[in-house]
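A closer look at the structure
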Amino acid sequence: MGTAENWLIRDEVMEVCVRSVRDQISAEGLSYQRGFTGDPDLINAFCGLITSYFNPFEPVDPSCVCVAPGGGAILESFLAATCDVGDGVLVVAPFWSGFHFQFKLQKVQIVSVTVPDEIAFSEKLTDYLGDALRRATTPVKAVVICNPHNPLGQCYPAKTLEAVAKFCEKEDLHLLSDELYALSVFESPDLPSAVSFTSILSLDATAMDVSALRLHTMWSASKDLACNGLRVVRQPILALQFGLSGCFASRNRELVAGVSMTSNTQVSYLSSLAVREMLSDETFLRNVITLNKTRLGKAYTITTRFLKRLNIEYYPASAGVYIWAKLSPDVKTWEDEAELAKALSERRVAISSGRSYASVEPGWYRLTFALRPHDLQKGLSIIEEVLVSKVALGQQRVSTNGSTK
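So, how was this worked out
Residues numbered from 1 in each chain as written. Predicted model: local features only at pLDDT ≥ 70, side-chain atom pairs only at ≥ 80, totals over all residues. Heavy atoms only, no water. pLDDT = per-residue confidence, 0-100. Contact = heavy atoms within 4.5 Å. 1 Å grid on protein atoms, 1.4 Å probe; cavity = no way out; pocket = protein on both sides within 12 Å on 5 of 7 lines; lining within 4 Å. Points joined across faces, edges and corners; volume = space filled by probe spheres on them. Helix = DSSP H or I, 4+ residues; strand = E, 2+ residues; numbered from the N terminus. Nonpolar A, V, L, I, M, F, W, Y, C, P; charged D, E, K, R; others polar. Buried < 20%, exposed > 50% of the residue type's maximum accessible area, 1.4 Å probe, protein only. Salt bridge = Lys/Arg side-chain N within 4 Å of Asp/Glu carboxyl O.

Section: the confidence of the model for the protein
When pLDDT is averaged along the protein, the result is 86, and 86% of the positions lie at 70 or above. Every residue in residues 233–253 is under pLDDT 50, and counting partners more than four places away or in other chains gives 95 contacts.

Set out below in structure tokens:
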């Protein structure tokens, strides 16, 4: 429950992966890949996905897209292409714990931007970005947001995205929108009027007086198509239109080439085959996305009913494969937080502690619920057992000390 992997559509995805390798593998595929930025057929498949599901304001030209293995490779290459050693990037917190490692590899500093829950997705976000920028002790080159948010599990409204884009234009910053969970939006009983997903690609940069050359996105099959291990992903240098061309690479080829070069790792031929097949099979893609949304909604409902029964506070979600929850009011320090995670780990349940997500308050954890039904129920049962035992132990200590509560 500590890793953002989706087990709800594994069987369906496996069928396509096996079929793609069995039916399409060829001797030519054992050669180096065609094209510096990735296999042209795979890039075309990505373009088709973007056109169908990301509602781009301008048509996506294949020359604007390059591929690399894994979301980490994307982020690292983006940082290397846009930042010098020691530079900073504004990252809205809480944020994915893996950012710490990826930024450290490129020797770029995270400038954490903590925003109160009640305005986390509002246009007022830019006030906090501005404050963080002014307080930064190092040159800041970019803003990174997760949309849908990781770990809060909600989407940014279009107006908020526009406000952040305008902020980046004013401050001459790049904006990278991590859209890895774009297709994992589900109906949530907690958010009946939840904000739908809006891609950075769908914004009209010209109407906002924003340079399209600073707006980038990344998406991966890893999360939405439940195949983290295939390690193939679209690079972030896919921007909105400039003028009439609709082609980011035609105006900023140095940055596109820089990202491609810093990635410096070609995607496996077998991975390319599998992902290309999934993205090109329109019937499969449409059906598996629908199936995923349904199963995510059911798993989320099971998890939140459990949390409500135990009076556990949580952040309502409508996207992603996880939920942000404050498991115990008795967790008041970072040491308490680590102790609870350790107690669960000893019972073979892994959870992600909030401290690693730049949470400002101890006791918050990210729980992945996109598990096989049996595994989800087992994990939740063990969490309840551990929490109950912790409460009983606390009451025993109070009784022993002769105190009342």
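Describing the layout of surface pockets
The space that makes up the second largest pocket amounts to roughly 380 Å³. Lining of the second largest pocket is provided by 25 residues; of these, Gly-71, Trp-96, Leu-180, Tyr-181 and Lys-223 occupy positions nearest its centre. Broken down by secondary-structure element, the contributors of at least two residues to the lining of the second largest pocket are α3 (71–82), α4 (98–105), β6 (215–220) and α8 (221–224). Of the residues belonging to the lining of the second largest pocket, the class tally is 10 nonpolar, 10 polar and five charged.

Quick look at the side chain of Ser-353
Residue placement: Ser-353 occurs in strand β10 (residues 352–353). When its relative accessible area of 19% is taken as the criterion, Ser-353 is described as buried. If sequence neighbours within four positions are ignored, Ser-353 has contacts with Glu-337, Ala-341, Trp-364 and Tyr-365.

Some points on the pattern of salt bridges
Per the stated rule, a full pass over the model turns up 16 salt bridges. The residue Arg-347 makes a salt bridge to Glu-385 at a minimum N-O spacing of 2.5 Å. Placement of Arg-347 in the loop between α12 (334–346) and β10 and of Glu-385 in helix α13 (residues 373–400) is noted, with a sequence separation of 38 residues between them. The exposure class of Glu-385 is partly exposed, given its relative accessible area of 40%. Each of Arg-19, Glu-277 and Asp-281 takes part in salt bridges that share partners, so that together they form one network.

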